[in-house]
Amino acid sequence: MLSKQLIKLCAGLGLLCAATFASAGDGVDDKRILLGQSAALSGAASALGIAMRDGALAYFESVNAAGGVNGRQITLTTLDDGYDAARAGTNTGVLIDTQHVFALFGYVGTATSNAALRWVDKEGVPFFAPMTGAQSFREPFNKHVFNIRDGYANETEKIVEHLDAIGFKQVAVLYQNDAYGQAGLDGVTQALKKRKRDVVATASVERNSTDVAAAVAKLKAAGAPAVVIISAYKSSAAFIREMRKAGGSVPLFWNVSFVGSRALAGELDARGVMISQVIPSPWDEKLPLVKEYRKLFLAKWGSEPDYASLEGFMAAKVFVEGLRHVKGELTRKSFIQALETMGSYDLGGYTVKFGPGNHNGSNYVDLSIISKGGQIMY
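These remarks concern the structure in this document.

A short note on the overall build of the protein
Part 1 of the reasoning: Per the secondary structure count, the protein includes 13 helices and 14 strands.
Part 2 of the reasoning: Taken over the C-alpha atoms alone, the protein extends approximately 75 × 40 × 40 Å along its principal axes.
Part 3 of the reasoning: Scored against the burial criterion, the 378 residues of the protein give a buried share of 57%.
Part 4 of the reasoning: Put simply, 67% of the contacts in the protein that link residues at least 6 apart link residues at least 24 apart.
Part 5 of the reasoning: Summed over all atoms, the accessible surface of the protein reaches about 15000 Å², with 51% contributed by carbon and sulfur.

With respect to the sheet that holds strand β3 (residues 103-105)
Part 1 of the reasoning: The parallel open sheet is built from 5 strands, whose spatial order is β2-β1-β3-β4-β5. With one partner strand each, in any of the chains shown, β2 (73-80) and β5 (145-146) form the two edges of the open sheet.
Part 2 of the reasoning: As defined by bridge partners, strand β4 (residues 127-128) adjoins β5 across 2 bridges and the pair is classed as parallel. If you follow Phe 128 over to β5, its bridge partner there is Phe 146.

Here's the deal with unusual backbone geometry
Part 1 of the reasoning: Note the cis peptide between Glu 139 and Pro 140, where omega equals -5°.
Part 2 of the reasoning: Mapped onto the secondary structure, Pro 140 falls in the loop between β4 and β5.
Part 3 of the reasoning: With phi around 55°, Asn 70 is a residue other than glycine that occupies positive phi space.

Here we look at the packing of aromatic side chains
Part 1 of the reasoning: For the structure shown, the criterion picks out 20 aromatic pairs.
Part 2 of the reasoning: Centre to centre, the rings of Phe 60 and Phe 105 are 5.4 Å apart; their planes meet at 55°, and the pair counts as tilted. Here the residue Phe 60 occupies a position in helix α3 (residues 46-65), and Phe 105 occupies one in strand β3, the gap between them amounting to 45 residues. Here the two residues Phe 60 and Phe 105 agree in accessibility, since each one is buried.
Part 3 of the reasoning: Consider the rings of Trp 283 and Tyr 307, whose centres lie 5.9 Å apart with planes at 75°: the pair is edge-to-face. Here Tyr 307 lies in helix α12 (residues 307-324) and Trp 283 lies in the loop between β10 (274-277) and α11 (288-301), a separation of 24 residues in the sequence.
Part 4 of the reasoning: Using a relative accessible area of 29% as the deciding quantity, one classes Trp 283 as partly exposed.
Part 5 of the reasoning: A residue is classified by how much of its surface remains accessible, and Tyr 307, at 9% relative accessible area, is buried.
Part 6 of the reasoning: What links up through ring pairs into an aromatic cluster is the set Phe 60, Phe 102, Phe 105, Phe 128, Phe 146, Phe 319, Phe 335 and Phe 354.
Part 7 of the reasoning: Over the face of the ring belonging to Tyr 83 we find Arg 207, whose NZ or CZ atom lies 5.9 Å from the ring centre.

Points about the sheet that holds strand β8 (residues 226-230)
Part 1 of the reasoning: What the 7 strands build is an open sheet, ordered β7-β6-β8-β9-β10-β13-β14; its pairing is mixed. The two strands at the open ends of the sheet, each matched to only one other strand, are β7 (202-205) and β14 (376-377).
Part 2 of the reasoning: Two elements, strand β6 (residues 171-176) and β8, share 5 bridges in a ladder whose sense is parallel. By the bridge assignment for β8, Tyr 175 is matched with Ile 230.
Part 3 of the reasoning: Sitting on the sheet, helix α6 (residues 152-165) is in contact with β6, β8, β9 (252-255), β10 and β13 (366-370), with an inclination near 160° to β9.
Part 4 of the reasoning: Sheet strands in contact with helix α9 (residues 233-245) are β6, β7, β8 and β9, and its direction is about 175° off that of β9.

Here we look at the packing of α3 against α12
Part 1 of the reasoning: Direction vectors running N to C along α3 and α12 enclose 40°, while the axes themselves pass 7 Å from each other. Judged by the angle between their axes, α3 and α12 are oblique. Judged by the twist between their axes, the crossing of α3 over α12 is right-handed. The residues of α12 that touch α3, namely those facing Leu 48, Ala 51, Met 52, Gly 55, Ala 56, Ala 58, Tyr 59, Phe 60 and Val 63, are Ala 308, Ser 309, Glu 311, Gly 312, Phe 313, Ala 315, Ala 316, Lys 317, Val 320 and Arg 324.
Part 2 of the reasoning: Considered class by class, the residues forming the contact of α3 with α12 number 13 nonpolar, 3 polar and 3 charged.

Section: α9
Part 1 of the reasoning: For α9, which comprises 13 residues, the first-to-last C-alpha distance of 18 Å matches the rise-based estimate of 18 Å (1.5 Å per residue) to within 8%.
Part 2 of the reasoning: Once α9 finishes, Gly 247 follows within two positions and takes phi at roughly 80°, a positive value.

Considering the environment of Ala 116
Part 1 of the reasoning: Among the secondary structure elements, Ala 116 is positioned in helix α5 (residues 110-123).
Part 2 of the reasoning: On the basis of relative accessibility, which here comes to 0%, the residue Ala 116 falls in the buried class.
Part 3 of the reasoning: A C-alpha to C-alpha distance of 8.8 Å links Ala 116 and Leu 104, two positions 12 residues apart in sequence.

The rules behind the values
Residues numbered from 1 in each chain as written. Predicted model: local features only at pLDDT ≥ 70, side-chain atom pairs only at ≥ 80, totals over all residues. Heavy atoms only, no water. Helix = DSSP H or I, 4+ residues; strand = E, 2+ residues; numbered from the N terminus. Buried < 20%, exposed > 50% of the residue type's maximum accessible area, 1.4 Å probe, protein only. Contact = heavy atoms within 4.5 Å. Areas by Shrake-Rupley, 256 points an atom, 1.4 Å probe, with all protein chains shown as cover. Pairing = 2+ DSSP bridges. Phe/Tyr/Trp six-rings, centres within 6.5 Å; stacked < 30°, edge-to-face > 60°. Lys NZ or Arg CZ within 6 Å of the ring centre and 35° of its normal. Axes fitted to C-alpha atoms, helices over the stretch in contact; angles between N-to-C directions. Parallel < 35°, antiparallel > 145°, perpendicular 65-115°, else oblique. Left-handed = near helix turned anticlockwise from the far one by under 90°. Nonpolar A, V, L, I, M, F, W, Y, C, P; charged D, E, K, R; others polar. Expected span 1.5 Å × (residues − 1).

Read these as geometric descriptors, not functional statements.
Set out below in structure tokens:
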């Protein structure tokens, strides 16, 4: 075992010292808990990755400033995957085998999160609060995966339910050609089948691409009055922009939560675009959670609140609550047990509850619309 002198030297030099954590085991020593994240800090989904990380850091650093959890500081190491699954897999290997993290936290995207699962299952590492609603992280049950957001199946059900209520019976889908897009397409398909209808037409766009010409031609010709978009914000914006330019009747556009409302509004005049949401509005200061988030987030970053950073903040808050419920020695196993047995946790207007056979903490889904000036109304 490494000497206390070496541990002290590492801390004094400001180094993470992977060897220290390897010796102490599972990313925990008497001073620190090391978490690992792979997220898009560059590329087509960077606004989401940066926001998820920054929201989490706002909460973790407030906890650290108050003494940490049982005297331990929480350190989050984030590696850039550029929203690329292969890079996310490589990053995960580094985080587990080299950095020796205690848990994987706040991954952003379906394909990138899928790339981490083989490491999670092999090493028994908690995989906490990925920003994805794909069913592969919900069914079949995985004892290492914990979700604080609802899934795309319920988001798309809510969208189709709303479209039904306002008389929009014909629905087309633009989907990203990967696991994320397929998960959303499956959700819309099942929601329509429940109502004895089919998707009118589908078209796809490649991940990290804004080449939407073929998709625009196909879905414009289909003439559906509503299009549900399951894609990242840059490709979604490109599609909406080109559909409007193409002339004729313009359909009602829907996105699921992963698009990132503020990111989409920053790419084009998104007035009238509707988006399903799986967490409360970051502008709803009636909620104690949102009030706390806005205070800490603005104090640290000075930037505008948004859904993605609130989700990161919430994930950090639930993670810390789990740590506080650990009885005895902090290990990956005892942390998982603490999450499963801590009961309902009210973050301040949003409740999460896990159980031994259920790691899906919430079924919250709401609807929003982007109004003039990029404001998100809920």
